[in-house]
Amino acid sequence: MPIIVEPQDYHEEDLYVDLEETFGHRLYLKCEGFNFAGSIKLKVAREMVVAAERSGLLRPGSILVESSSGNLGVALSILAASRGYTFVCVTDTRCNLATKQLMESLGSRVYTVVEPALDGGFLGARLRYVRELCESDDRYVWLNQYANPANWQAHYRWTAPAVAGRFPDLGVLFVGAGTTGTLMGCARYLKEHRPEVAVVAVDAVGSVAFGGPPLPRMIPGLGTGVRPPLLDESYIDDVVHVPEVDTVRACHRLARKGFLFGGSTGTVISGAMRWLAEHPEYGNLTAVAIAPDLGERYLDSVYQHGWVKEIYGPGALDLECEEKAPIQ
């Protein structure tokens, strides 16, 4: 049992769920939600804050500001509280109430953008507000998770080596695409150290990250309205786009087995199952997917039946036919 002084000092790195019984394919799910922030974003927050302190960008009296749909905002709230900074999270209406309340409980200020920008959607509007804050007062420090190399370096340093070390026979890794920090950190590491491993990006339908048309998205986490500056597609072997209704169905199938994961995890699993069904040559190899967070913060959306039916229609939660075959 570890003894820690600061909340960012603990993260469970070696916990996996075997999904073959639930989904019919040999897939291991790396669970990244067991830390004080409840998500993989604690690694990113720590890496970015420490790098900013070392460079002198972040110093006593600085006010941290970041655009986040939720998880990074919570992680930075924890880092800010632990290290004595003020933190302002700029989010939008898709961020759930529990996440906002959690950030505020940690002493952070939350600003919610209610109107999307004509160019860039909600993310574009959030970024515009962040820039306005920084221009108004030089105490504001924007870590900029979308372009900060510390974002992908956190996963190059921690996440990818953990997976590669746990599975010497790893054949394919599925990683969700948001800022693409996790994706690029893992992809860069594997291309350098395990080039035989296929890296498959999983994105939401409606995201523009890989050149698709922008469409409304209701589940925070994966997907983006602005192409991620960190993304380098030369490191990626394939891309899968998942409709949000399939995200919801995957989450509910897991919940029926007693596992409550977040929306991003449902997207990654759904994409992984479709890809594995289309690539039987990988059937005897080990496949791993990364689960960024747990499901408690999605109780009023993904796991709220009324919300799901209102957004995706009355048949969205009809899982009977879904359980007979992997999600398509």
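Residues numbered from 1 in each chain as written. Predicted model: local features only at pLDDT ≥ 70, side-chain atom pairs only at ≥ 80, totals over all residues. Heavy atoms only, no water.

**Focus on the overall build of the chain**
Item 1. The helix and strand inventory of the chain stands at 10 helices and 10 strands.
Item 2. Rg of the C-alpha trace for the chain: 19 Å, near the compact-globule value of 20 Å for 328 residues, within the 12% margin.
Item 3. For the chain, the C-alpha atoms occupy an extent of roughly 55 × 45 × 40 Å along the three principal directions.
Item 4. Counting over 328 residues, the chain shows a buried share of 59%.
Item 5. Taking the contacts inside the chain whose residues are at least 6 apart along the sequence as the reference set, 72% of them involve residues at least 24 apart.
Item 6. Roughly 13800 Å² of accessible area belongs to the chain as shown, and the carbon and sulfur atoms make up 52% of that amount.
Item 7. Counting 30 positive and 40 negative side-chain charges, the chain places the averaged centre of each group 2 Å from the other. (Helix = DSSP H or I, 4+ residues; strand = E, 2+ residues; numbered from the N terminus. Rg over C-alpha atoms; globule rule 2.2 N^0.38 Å. Buried < 20%, exposed > 50% of the residue type's maximum accessible area, 1.4 Å probe, protein only. Contact = heavy atoms within 4.5 Å. Areas by Shrake-Rupley, 256 points an atom, 1.4 Å probe, with all protein chains shown as cover. Lys, Arg positive; Asp, Glu negative; His and termini not counted. Charge placed at Lys NZ, Arg CZ, Asp CG, Glu CD.)

**Observations regarding the packing of helix α8 (residues 244-256) against helix α9 (residues 263-278)**
Item 1. Where α8 contacts α9, the axes come no closer than 7 Å and their chain directions differ by 100°. In this view, α8 runs roughly perpendicular relative to α9, as classed from their interaxial angle. Contacts between α8 and α9 pair Asp246, Thr247, Ala250, Cys251 and Leu254 from the former with Gly263, Gly266, Thr267, Ile269 and Ser270 from the latter.
Item 2. Here the residues of the contact of α8 with α9 are counted per class, giving 4 nonpolar, 5 polar and 1 charged. (Axes fitted to C-alpha atoms, helices over the stretch in contact; angles between N-to-C directions. Parallel < 35°, antiparallel > 145°, perpendicular 65-115°, else oblique. Nonpolar A, V, L, I, M, F, W, Y, C, P; charged D, E, K, R; others polar.)

**Here's the deal with helix α5 (residues 121-136)**
Item 1. Taking 1.5 Å per residue as the helical rise, α5 with its 16 residues ought to reach 22 Å, and the 23 Å between its terminal C-alpha atoms agrees with that figure.
Item 2. All of the buried residues along α5 are Phe122, Leu123, Gly124, Ala125, Arg126, Leu127, Val130 and Leu133.
Item 3. Here the buried face of α5 lies against β3 (63-67), β4 (86-92), β5 (109-113) and β6 (140-142). (Expected span 1.5 Å × (residues − 1).)

**Remarks on the side chain of asparagine 96**
Item 1. Relative to the elements of secondary structure, asparagine 96 occurs in the loop between β4 and α4 (97-105).
Item 2. Judged by relative accessible area, asparagine 96 falls into the buried class, the value being 9%.
Item 3. Those residues in contact with asparagine 96 that lie beyond four places of it in its chain are Arg297, Tyr298 and Asp300.

**A word on unusual backbone geometry**
Item 1. One non-glycine residue, asparagine 144, adopts positive backbone phi at about 55°.
Item 2. When you line up the elements, asparagine 144 lands in the loop between β6 and α6 (149-166).
Item 3. Its identity as a non-glycine residue notwithstanding, threonine 180 has a phi of 70°, on the positive side.
Item 4. Mapped onto the secondary structure, threonine 180 falls in the loop between β7 (170-176) and α7 (181-193).

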